[in-house]
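Summary of structural features
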Amino acid sequence: MIYPQSNSHRQVKDISGFWDFRFDRKNEGLKKKWFKGLAKTQPLAVPASWNDQLEEGKNNLGPAWYQTRFDLPTGFKDKRVFLRFDSVNFLAEVWLNGIKLGQHEGGHLPFVFEITPKIKAESNLLVVRVEGLLKPDRVPPGNVPFDPKDAFNNTFYPPASFDFFPYCGIQRPVLLYTIPLLPIEDVTLSTKFKSSTGIVKTEIKTENNFKGLIRLTLTGFGQKVVKETRALDRQTTLELKVPQVRLWNPAFPHLYDLKIELLDKNQPIDQVHLTVGIRTIAVKGSKLLLNGKSIQMKGFGRHEDFPVAGRGYLPPVIIRDYDLMRWIGADSFRTTHYPYSDQMMDLADRLGFLVIAETPAVGLFFKQEGLANRQRLCRQYTKKLIERDKNHPSVIAWSLANEPHSHRSAAKSFFKNLIQFARKLDKTRPVTLVSYLGLKEESFADSDLVCVNRYYGWYSEPGRLPEAFERLTKDLDAIFKKFKKPILLTEFGADAIPGCHANPPEMFSEEYQADLLEGYWKILSAKPYVAGAHVWNLCDFKTAQATHRPSGMNYKGVFTRERQPKLAAHRLRKLWKKE
Ligand code: BDP
């Protein structure tokens, strides 16, 4: 999937802004045909979650309606025109000029409609109905009936089965864009190297009836490699050899520029630019190897979360978070618990962060009811995530779920199939899932990495760090003995209320959080089979209301929600920067 681009063959126009908006409390909009035009609206910022923009929005998960009008932008005439939503949470139905374009389920992943035949030169009316209700057969699920076997305790309001606020709305940009009549449909890159030569395998998908020339030009670091060939059916593969290759890695995130052109009778008819990081990622025994060298990642789990905008796309916050991660000495993160924006991923390539890209499959459970739909959604998310993020050198693994309640027998075969499915789609990256079950997680037999979340010293052994550290050590050794694969501690942490201090340290104080994280890191960094440690969380974040979540906040951030450091941030920096 190629992100919309602007060049002499393609145009993009961002139609985000202040749109007309209204809630549909009585759920009458469909019957009353609001898709023909909304009345009684108020302005709402797009992209952003609606929940913290409006008083009425807070715990309101929809349905709600948006509308905007646009003219056909200059340069769009006689081109194929598409409408792309980068992310709408959860269910979106879309109409253009009163005609339904379609619907899309699931936040955090893009969807596209071709609107060429339906678009007018002036005053096009775009209407979107969005609904983010929490339902047991959705992914992530909500409103799940209590069942001790699935470890749900229904403590949250709104009743999410996951620990972050169920923000709703059009949360990322909405784009109009064009492609030529015979376009480059898709490009898949994979890279490797042999001594000092980099090899970039490029698979280009074109239309059936394109029989012209495909030309690739790779430039960077004083090199220019050009290769061209006639298009073969729908898929053409070309290999570029890059002398004196500069490999991509966190210390030196070297990126080459790749221009892909289609030529028909010597006339250029399409062009796409991609950045290429040449690197390899592999699992060998107990090691995770980047460019053939063993790595031990340090970093965070995170959330797309900020006051007022909720889960909305906010470029300065993205920059701030990368800056904080650099300041503290982190080199990696997991896109907990859903795919992040395309822009966040582009910056990971540029700034040199290693990313475990995760699907929105959090809080999954395997009771029969609704299972078929949850499984369908998981496959759909896995496919879309890989299609979207496959060309990022920063992405070094796919995580297909966070903390599934996978002790029911249906889980094992489900994950076996899902892992195989992901491997078929991408043969170049490790595939994993993140579990709290540890030793009892049967799917670790099928995954490439063992990713576990541990809260010793917090949810168990509260206030007793020495016992927590002892348990952690024994637990990790036992897990490694059983699975013999690299282990990533994908979450560990403690809540610290900013400004709360205690000596001797006690729970919720900044000192306790700092001591817990330091203790964990010392144990983890000394274990040769640990390929990474991700602190939970980079920043405090909004969650649903619960007795254990003061003011609807999860305070496990080492930075506050406003992105200021707690004691733990300084402590981690000392440990991480010196290495
Ligand atoms: C883990 C979850 C994460 C939560 C965290 C916590 O993966 O989403 O926010 O616990 O309780 O189990 O802070």
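What you are looking at is a predicted structure, and each value in this text was computed from that prediction instead of being measured.

**Digging into the pairing of strand β26 (residues 395-402)**
Burial analysis of β26 places eight of its eight residues in the buried class, which makes it a mostly covered element. As defined by bridge partners, strand β25 (residues 354-358) adjoins β26 across four bridges and the pair is classed as parallel. Across the sheet, Ala357 pairs through a bridge with Trp398, a residue of β26. Between the parallel pair β26 and strand β27 (residues 431-435), the chain is carried across by helix α4 (residues 409-425), and the sense of this crossover is right-handed.

**Let's talk about the sheet that holds strand β22 (residues 293-294)**
Here three strands make up an open sheet; going across it, the order is β20-β21-β22 and the pairing antiparallel. Whereas interior strands pair on both sides, the edge strands pair on one side only; in this sheet they are β20 (281-284) and β22. Where strand β21 (residues 287-290) and β22 come together, two bridges link them in antiparallel fashion. Note on β22: the bridge partner recorded for Leu289 is Ser294.

**Focus: the pattern of salt bridges**
Counting across every chain of the model gives 43 salt bridges. Note that Glu387 and Lys383 form a salt bridge whose closest N and O atoms lie 3.0 Å from each other. Note that Glu387 and Lys383 are positioned in helix α3 (residues 371-389) at a spacing of four residues, about one turn of the helix. According to the relative accessible area criterion, Glu387 is partly exposed, its value standing at 28%. On the accessibility criterion, Lys383 (38% relative accessible area) is partly exposed. As a salt-bridge pair, Arg423 and Asp448 come within 3.0 Å of each other at their nearest N and O atoms. With Arg423 in helix α4 and Asp448 in the loop between β27 and β28 (450-453), this residue pair connects regions lying 25 residues apart in the sequence.

**Regarding the side chain of Arg279**
Relative to the helices and strands, Arg279 is located in the loop between β19 (267-276) and β20. One buried charged residue, Arg279, forms no salt bridge at all, with the nearest opposite charge on Asp426 at 7.0 Å. Polar side-chain contacts of Arg279 include one of 2.8 Å to the backbone oxygen of Pro393. A polar atom in the side chain of Arg279 sits 2.9 Å from the backbone oxygen of Val395. The contact partners of Arg279, leaving out residues within four places of it in the chain, are Thr191, Trp248, Leu290, Asn291, His392, Pro393, Val395, Ile396 and Arg429.

**Considering the packing of aromatic side chains**
Scanning the model with the defined rule gives 34 aromatic pairs in all. Consider the rings of Trp65 and Trp95, whose centres lie 5.3 Å apart with planes at 20°: the pair is stacked. Linking Trp65 in strand β4 (residues 64-70) with Trp95 in strand β7 (residues 91-96), this pair joins segments that are 30 residues apart in sequence. Considered together, Trp65 and Trp95 belong to a single accessibility category, that of buried residues. Ring geometry for Phe366 versus Phe414: centroids 5.7 Å apart, planes at 50°, classification tilted. With Phe366 in the loop between β25 and α3 and Phe414 in helix α4, this residue pair connects regions lying 48 residues apart in the sequence. Given a relative accessible area of 3%, Phe366 falls into the buried group. Taking NZ or CZ as reference, Arg22 lies 3.9 Å from the ring centre of Trp34, over its face.

**Some words on the domain arrangement of the protein chain**
Here the domain parsing of the protein chain yields domain 1 (12-132 + 168-179), domain 2 (184-276) and domain 3 (290-577). For domain 2 and domain 3, the distance between their C-alpha centroids amounts to 34 Å. Taken together, the contact between domain 2 and domain 3 spans 14 residues of the former and 15 residues of the latter. Both sides of the domain 2 and domain 3 interface together cover about 1,100 Å² of buried area, and 62% of this is carbon and sulfur.

**Description of the site of the ligand**
In the vicinity of the ligand there are 13 residues, among which Asp163, His337, Glu403, Tyr459 and Lys556 approach most closely. Note that an oxygen atom of the ligand is positioned 2.6 Å from one of the side-chain N or O atoms of Asp163. Taking 320 Å² as the accessible area of the ligand by itself, protein coverage stands at 90%. Partitioned by chemical class, the residues of the shell around the ligand number four nonpolar, four polar and five charged.

What counts as what
Residues numbered from 1 in each chain as written. Predicted model: local features only at pLDDT ≥ 70, side-chain atom pairs only at ≥ 80, totals over all residues. Heavy atoms only, no water. Buried < 20%, exposed > 50% of the residue type's maximum accessible area, 1.4 Å probe, protein only. Helix = DSSP H or I, 4+ residues; strand = E, 2+ residues; numbered from the N terminus. Pairing = 2+ DSSP bridges. Right-handed = clockwise from strand over helix to strand, strands pointing away. Salt bridge = Lys/Arg side-chain N within 4 Å of Asp/Glu carboxyl O. Lys, Arg positive; Asp, Glu negative; His and termini not counted. Polar contact = N/O pair within 3.5 Å; in protein donor to acceptor, adjacent residues only side chain to side chain. Contact = heavy atoms within 4.5 Å. Phe/Tyr/Trp six-rings, centres within 6.5 Å; stacked < 30°, edge-to-face > 60°. Lys NZ or Arg CZ within 6 Å of the ring centre and 35° of its normal. Domains from an automatic or database assignment. Buried area = accessible area lost by both parts, 1.4 Å probe. Near = heavy atom within 4 Å. Areas by Shrake-Rupley, 256 points an atom, 1.4 Å probe, with all protein chains shown as cover. Nonpolar A, V, L, I, M, F, W, Y, C, P; charged D, E, K, R; others polar.

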